[in-house]
Amino acid sequence: MGEAIVITSGKGGVGKTTTTANIGTALALMEKKVCLIDTDIGLRNLDVIMGLENRIIYDIVDVVEGRCRLNQALIRDKRFDSLTLLPAAQTSDKSAVTTEGMKKIVAELKQEYDYIIIDCPAGIEQGFQNAIAGADRAIVVTNPEKSSVRDADRIIGLLEQEDMTEAPRLIINRIRNHMMQSGDIMEVDEIVQLLAIDLIGIVIDDEEVIKASNNGEPVALNPNPKASIAYRNIARRILGENVPLQSLEEEKGIFQRFKKFIGMRS
Amino acid sequence: MHEKKPIITIKGNREGLTLMIDDEVPFEEALVELKDKLQSTQQNKNEPLVSVKVQSGNRFVDEEKRDRLRVMIEEDNHFKVTAIETNVVHRDEALRWKEESGIKRTHRIIRSGQVLKVTGDLLLIGDVNPGGKVMATGNIYVLGNLFGIAHAGYKGDRNTFIAASYMKPTQLRIADYISRAPDYVADGVYMECGVIDDNEDKIIIDSLKLLSRKRNEISGFERRMQNG
Ligand SMILES: Nc1ncnc2c1ncn2[C@@H]1O[C@H](COP(=O)(O)OP(=O)(O)OP(=O)(O)O)[C@@H](O)[C@H]1O
Ligand SMILES: [Mg+2]
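Parameters and conventions
Residues numbered from 1 in each chain as written. Chains lettered and ligands numbered in written order. Predicted model: local features only at pLDDT ≥ 70, side-chain atom pairs only at ≥ 80, totals over all residues. Heavy atoms only, no water. Helix = DSSP H or I, 4+ residues; strand = E, 2+ residues; numbered from the N terminus. Rg over C-alpha atoms; globule rule 2.2 N^0.38 Å. Buried < 20%, exposed > 50% of the residue type's maximum accessible area, 1.4 Å probe, protein only. Contact = heavy atoms within 4.5 Å. Core = buried A, V, L, I, M, F, W, Y, C linked by side-chain atoms within 4.5 Å. Salt bridge = Lys/Arg side-chain N within 4 Å of Asp/Glu carboxyl O. Pairing = 2+ DSSP bridges. Axes fitted to C-alpha atoms, helices over the stretch in contact; angles between N-to-C directions. pLDDT = per-residue confidence, 0-100. Near = heavy atom within 4 Å. Polar contact = N/O pair within 3.5 Å; in protein donor to acceptor, adjacent residues only side chain to side chain. Areas by Shrake-Rupley, 256 points an atom, 1.4 Å probe, with all protein chains shown as cover. Parallel < 35°, antiparallel > 145°, perpendicular 65-115°, else oblique. Left-handed = near helix turned anticlockwise from the far one by under 90°. Nonpolar A, V, L, I, M, F, W, Y, C, P; charged D, E, K, R; others polar. Arc of directions from axis to C-beta. Phe/Tyr/Trp six-rings, centres within 6.5 Å; stacked < 30°, edge-to-face > 60°. Lys NZ or Arg CZ within 6 Å of the ring centre and 35° of its normal.

**Student:** Where do I start with the overall build of chain B in this structure?
**Tutor:** A tally of regular secondary structure across chain B gives five helices and 15 strands. For chain B, the C-alpha radius of gyration of 24 Å lies well beyond 17 Å, the compact-globule estimate for 228 residues. Dimensions of chain B along its principal axes, counting C-alpha atoms only, are 75 × 40 × 30 Å. By residue count, 43% of the 228 residues in chain B fall in the buried class. Taking all contacts inside chain B whose residues are at least 6 apart in sequence as the whole, residues at least 24 apart take part in 36%.

**Student:** Quick question: what am I supposed to make of the nonpolar core here?
**Tutor:** Looking at soluble globular proteins, one finds that nonpolar side chains tend to be buried together. All names here are of chain A. By size, the foremost hydrophobic cluster in this structure holds 54 residues, and its most contacted members are Val6, Ile37, Ile60, Leu86, Leu109, Ile118 and Leu195. Counting residues per element, this core draws most heavily on helix α7 (residues 146-160), at six residues. The residues touching leucine 86, leaving out its near neighbours within four places in the chain, are Cys35, Leu36, Ile37, Asp38, Asp59, Ile60, Val63, Leu70, Ala73, Leu74 and Ile105. With 35 residues, the next largest nonpolar core counts Ile23, Leu85, Ala212 and Ala235 among its residues.

**Student:** Where do I start with the pattern of salt bridges in this structure?
**Tutor:** For side chains bearing opposite charge, pairing can occur when the charged atoms are close. In total, this model carries 24 salt bridges over all chains according to the counting rule given. Among the ionic pairs, B:Asp176 bridges to B:Arg158, the shortest N-O distance being 2.9 Å. Of this pair, B:Asp176 sits in the loop between β12 (171-174) and β13 (177-180) while B:Arg158 sits in the loop between β10 (149-152) and β11 (162-167), and the two are 18 residues apart along the sequence. Through salt bridges with shared partners, a single ionic network connects A:Glu3, A:Arg137, A:Glu166 and A:Arg169.

**Student:** Help me understand the sheet that holds strand β9 (residues 140-146) of chain B, please; the structure alone is not making it clear to me.
**Tutor:** Sheet strands pair by backbone hydrogen bonding; their relative direction is either parallel or antiparallel. Residues and elements named next belong to chain B. As summarised here, the arrangement of the six strands in space is β5-β7-β9-β11-β14-β15, forming an open sheet in which the pairing is mixed. Each of the sheet's edge strands pairs with one partner strand only, and the pair in question is β5 (103-107) and β15 (202-207). Shown here is a sheet whose adjacent strand axes are inclined to one another by a mean of 25°, direction ignored.

**Student:** Whenever I open this one, the confidence of the model for chain A confuses me. Can you help?
**Tutor:** When pLDDT drops low, the exact placement of atoms in the prediction is not to be read closely. Put simply, chain A has an average pLDDT of 90, and 92% of its residues get 70 or more. Contacts from residues 247-263 of chain A, a stretch scored under 50 in pLDDT, to residues over four places away or in other chains number 46 contacts.

**Student:** Hey, could you run me through the site of ligand 1 in this one?
**Tutor:** Residues and elements named next belong to chain A. The local shell around ligand 1 holds 17 residues, among which Gly13, Lys16, Thr17, Thr18 and Arg174 are the closest. At 2.5 Å from an oxygen atom of ligand 1 is found a side-chain nitrogen or oxygen belonging to threonine 18. Take arginine 174: an N or O atom from its side chain is 2.9 Å from an oxygen atom of ligand 1. Burial of ligand 1 by the protein amounts to 81% of the accessible area it has alone, namely 630 Å². For the shell around ligand 1, the elements supplying multiple residues, two or more each, are α1 (16-29), β7 (169-175), β8 (198-204) and α10 (207-214). The element contributing the most residues to the shell around ligand 1 is α1, with three residues.

**Student:** Explain the packing of α1(A) against helix α11 (residues 226-238) of chain A here, please?
**Tutor:** The relative placement of two packed helices comes down to the angle between their axes together with the axis-to-axis distance. Residues and elements named next belong to chain A. Interhelical geometry of α1 versus α11 gives an angle of 65° and a closest axis separation of 8 Å. When the axis of α1 is compared with that of α11, the two are roughly perpendicular. Both α1 and α11 take part in a crossing whose hand is right-handed. Between α1, through Thr18, Thr19, Asn22, Ile23, Ala26, Leu27 and Leu29, and α11, the contact on the second element is made entirely by Tyr231, Arg232, Ile234, Ala235 and Ile238. Among the residues forming the contact of α1 with α11, the class breakdown is eight nonpolar, three polar and one charged.

**Student:** Got a minute to help me understand helix α9 (residues 188-195) of chain A in this structure?
**Tutor:** Structurally, the α-helix is built with 3.6 residues per turn, so residues lying three or four positions apart point the same way. All names here are of chain A. Within the span of α9, buried status applies to Val188, Ile191, Leu194 and Leu195. Seen along its axis, α9 keeps its buried residues to an arc of 140°; they face one direction. Tucked inside the fold, the buried residues of α9 contact β6 (137-142), α7, β7, α8 (177-181) and β8. Once α9 finishes, alanine 196 follows within two positions and takes phi at roughly 55°, a positive value.

**Student:** Explain the packing of aromatic side chains here, please?
**Tutor:** Centre distance and the angle of the planes are the two values used to describe a pair of aromatic rings. Per the counting criterion, the structure on display carries three aromatic pairs over all chains. When the centroid spacing of 5.6 Å and the interplanar angle of 90° are considered together, the rings of B:Tyr141 and B:Phe161 count as edge-to-face. Placement of B:Tyr141 in strand β9 and of B:Phe161 in the loop between β10 and β11 is noted, with a sequence separation of 20 residues between them. B:Phe161 gets classed as buried once you look at its relative accessible area, which sits at 1%. Seen from their ring centres, B:Phe147 and B:Tyr166 are 6.0 Å apart, and the 70° between their planes marks the pair as edge-to-face. Remark: B:Tyr166 occurs in strand β11 and B:Phe147 occurs in the loop between β9 and β10; sequence separation between them is 19 residues. Like B:Tyr166, B:Phe147 is buried. When the ring centre of A:Tyr113 is taken as origin, the NZ or CZ atom of A:Lys33, which lies over that ring, is 5.0 Å away. Geometry around B:Phe27 places B:Lys65 over its ring, the cationic atom sitting 5.4 Å from the centre.

Written out as structure tokens, the structure is:
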């Protein structure tokens, strides 16, 4: 019996799809049976990043609406036999998929696979509800920016109301070291303290990620880039291995007192 | 042998009159007697109104009875009722006081988009994250970081306050007062509280020591007992 993990963020463009593709690839590299589900209906991306777009015949809406069997819609990866993708629909009506439909698909896949990694759309609408419906646990992706962290916090609040087997875990993606040092973006510590959930990985901002995704070859396939190592470390932590985090500790500024609140009456 | 207790006793003192109503006779009987007593009092219409404190002993006086007493004492008289005291509290009222004066203790993080609203004082063990909001009819104590919005006395009690282990709120609100964080980047403060400063007519943030100096009765229950 496999485990379903949803990759979510609230805010768009922080790296959910990239994370899904790379964690999936890294787990496949470690000889796990993995199925990726793209739930971003109307804006499917995961197939492009995986370089599998040209193989799509059926999609998740076809499965839900009974036009094909689940197995027919699954696309086998070019590199790993143990890795498959259930693509999102590009054109169909968004409301076709329901939480019940998702739960059924995920439950069926869990019989076959070790891990089901679900790529969640941005936002907190129906698409989000569907993506988390069948998941046993969640990984929240954020960038080290206030707005992204704020949305992650909102999402964690919503996830905490679901009955998942574990508390959500956090990935901080696209870290730029020099900006963190100069205090222009939030520090890892600050983010983890605020969100108060366990960190499962940090990924630097790496051009190799963009290049790789553009070529339909997830960066995790390439042994050298830093981001690739980070994604593979995350996969190892998912498997329960104890891999130490790369430390990014910086010195904090001195606290100053503020009392100048600006008063007004409602 | 047994001397009959007077139904109405009126005593004068520096603050005005104290009017005691025997709690063993029926209310209607007491009113008749009261009317009599009031008519026989000397009243000088040229002087300021005389304040009257009513003591009704172990009699329960509901709103209707209060109104009737007030009307009878004030109408056609040179009196002003300042208080109607009774030893008896209705059970519902007592429960409401308890509800409003009790401390609601919660152990969680109030995340962005979440609102925690309580009647009475709030003791939150955990953070209020940016975008999160806590509200209480009484005081708010945050054993954690206050980054979001806190609204104490949201039903209008200006004597309430907000205390936090670490304060860097987006907004503080007390009753109908609002203050917001400054626009420049500033660090938060440890172990401080927000209260309404009557002189400055706005919310100020200061050391928790301020509370012991400014507010001797910080419990909502005591507030209720004193203000009725
Ligand atoms: N660690 C990284 N370093 C550099 N670029 C990255 C990294 N992670 C993601 N990106 C880039 O950021 C962009 C957005 O990533 P991605 O599509 O994975 O985000 P998303 O959260 O799935 O977005 P959406 O909300 O639109 O679905 C892409 O161009 C991707 O290549
Ligand atoms: Mg995406």
